Amino acid sequence: DVLPAQKLEGSLLKIYRHNDNSSKLFLAYRVCMTEEGHPWVSLVVQKTRLQISQDPSLNYEYLPTMGMKSFIQAALELLFGKHSQAIAEKRVGGVHTVGDSGAFQIGAQFLKMWRKNLKTVCIVSSQKEQYGLIFQDMGFKVYEYCIWNPKELCSDSSMFFNMMEHIPADSVLVIGNIIDCRFTKNQWTNMMSIIKSKHIFPFFDIPSQGLSTGDLEDDTRLLQHFMSLGFEFFCSQSLSKSFGIYGARIITSILCNPALFGEWKQSLKVVVENIMLIKEKVKEKLRLLGTPGSWNHITEQSGTHGYLGLNYQQVEFLTKKKHIYIPRNSRINFTCINSRNIDYITQSIHEAAVTPESQQQVN
């Protein structure tokens, strides 16, 4: 059984649901949302689901202990490439489990049993609660780091490498989403050198491949580089957000069919383009309102989620005065913003930025 982990949206979503205000908005859903405010599902998924439902040869028996073999193989090829030498040499393996929490649970159990020298886990993630509790329950000492610099309004590589310099030897390094770490090639080389010298075990998370840049290979290029240099590591790979479905048979059918695979890739590009458009509109509306400060950081971030760059008082203002629910770190899901609510959201952000009671910065 997978132990429950505290989700980022958990308590906040509960408060939101108990609010009876008609203008309330929740901007922290984990999944990609549509213009209509519903969870996004790729069109090719709907077509494939219909085809599978009419297949008389379907087998509804229990899956093997390790999961659906064809799904695992297709998922590995998505991560490392269809013609990956590492896959051909059987240097890569996978387990089919429930959700990214399940993957981290299995990984933590494995490390606890087979790498007893690893006692400490250092987590670099924007969703720290999700991973931290899993490793804590397994008896690891957990340190959590966020590399978002609230003053510079960007992911700060110096914060990351300061952490790397002080990370204990024989630790597990969890990077919640490698796309958030936009480092140069030299910086990644430096990080690999530290990992090697300190005998650190990397544990990566790929929560939504293809939804960060629209390029499936670009989102996992770092993993392939680690693999080519002979590093051992774990990777939690979640495909539910990228497809909009929790169905291994459907996902496998799409990944193994060139025509369907091409349709799916195109659907990802459309979603990413829409996300970029939403961010541009938010930034432009804030500019037209004369909202203090620069909002370029909104469009400089990739993926469905990103930081608004608000302080704690401003977040409180949005929640209590405007009934807009976002996490304390102001990291929202930009796909929750659509044509019906964008004016209200940007006007509320403007008010939060200019209202005296929300001006005090967090120390």
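As the structure is a prediction and not an experimental result, all values here were calculated from the model.

1. Digging into the nonpolar core
Core analysis: the largest hydrophobic core is formed by 34 residues, its most contacted members being Phe80, Phe160, Met164, Leu173, Met191 and Phe226. Those elements that place two or more of their residues in this core are helix H3 (69–80), helix H4 (85–88), strand S2 (120–124), helix H7 (157–166), strand S6 (171–175), helix H8 (185–197), strand S7 (201–206) and helix H9 (221–228). Top element by residues in this core is H8. It accounts for five residues. Membership of the second largest hydrophobic core comes to 26 residues, among which are Val45, Ala248, Trp264 and Leu268.

2. Some details on unusual backbone geometry
Phi is mostly negative for residues that are not glycine, and the peptide bonds are mostly trans. The backbone phi angle of aspartate 170 is positive, close to 55°, even though this residue is not glycine. With relative accessibility at 27%, the residue aspartate 170 sits in the partly exposed group. Of note, histidine 199 is a non-glycine position whose phi angle comes to about 55°, a positive value.

3. Quick look at the pattern of salt bridges
Using the criterion set out here, one finds eight salt bridges in the structure. Ionic pairing is found between arginine 91 and glutamate 89, a salt bridge with its closest N-O pair at 2.8 Å. Among the residues examined, arginine 91 registers a relative accessible area of 45% and is labelled partly exposed. Classification of glutamate 89 as partly exposed rests on a relative accessible area of 41%. In this structure, glutamate 284 engages arginine 287 in a salt bridge whose closest nitrogen and oxygen atoms are separated by 2.6 Å. Of this pair, glutamate 284 and arginine 287 both sit in helix H12 (residues 258–289), three residues apart, which is roughly one turn of the helix. Owing to a relative accessible area of 53%, arginine 287 belongs among the exposed residues under this scheme.

4. Notes on the domain arrangement of the protein
Looking at the protein, the domain boundaries give domain 1 (4–30 + 261–358) and domain 2 (44–257). Look at where the C-alpha atoms of domain 1 and domain 2 centre, and you get two points 26 Å apart. Contact residues are listed per partner, giving 24 residues for domain 1 and 30 residues for domain 2. Between domain 1 and domain 2, the buried area comes to about 2,400 Å², and carbon and sulfur atoms account for 61% of it. Contact with domain 2 buries area across many residues of domain 1, yet Arg30, Phe261 and Trp264 alone supply 28% of it, more than any other trio. There are one salt bridge connecting domain 1 and domain 2. Between lysine 47 and glutamate 263 there is a salt bridge, and its shortest N-O distance comes to 2.8 Å. Linking domain 1 to domain 2 there are five residue pairs in polar contact (both at pLDDT 80 or more). Per-element tally for the side of domain 1 that touches domain 2: the top contributor is H12, with nine residues. Classifying every residue of the side of domain 1 that touches domain 2 by side-chain character gives nine nonpolar, nine polar and six charged.

5. Topic: the sheet that holds S7
The strand order across the open sheet formed by five strands is S3-S2-S6-S7-S8, and the pairing between neighbours is parallel. At either end of the open sheet lies a strand with only one pairing partner, and these are strand S3 (141–145) and strand S8 (234–237). Between one strand axis and the next, the sheet turns by 15° as a mean value, whatever way the strands run. Sheet topology places S7 next to S8; four bridges connect them, and they run parallel.

Conventions we followed
Residues numbered from 1 in each chain as written. Predicted model: local features only at pLDDT ≥ 70, side-chain atom pairs only at ≥ 80, totals over all residues. Heavy atoms only, no water. Core = buried A, V, L, I, M, F, W, Y, C linked by side-chain atoms within 4.5 Å. Buried < 20%, exposed > 50% of the residue type's maximum accessible area, 1.4 Å probe, protein only. Helix = DSSP H or I, 4+ residues; strand = E, 2+ residues; numbered from the N terminus. Salt bridge = Lys/Arg side-chain N within 4 Å of Asp/Glu carboxyl O. Domains from an automatic or database assignment. Contact = heavy atoms within 4.5 Å. Buried area = accessible area lost by both parts, 1.4 Å probe. Polar contact = N/O pair within 3.5 Å; in protein donor to acceptor, adjacent residues only side chain to side chain. Nonpolar A, V, L, I, M, F, W, Y, C, P; charged D, E, K, R; others polar. Pairing = 2+ DSSP bridges. Axes fitted to C-alpha atoms, helices over the stretch in contact; angles between N-to-C directions.

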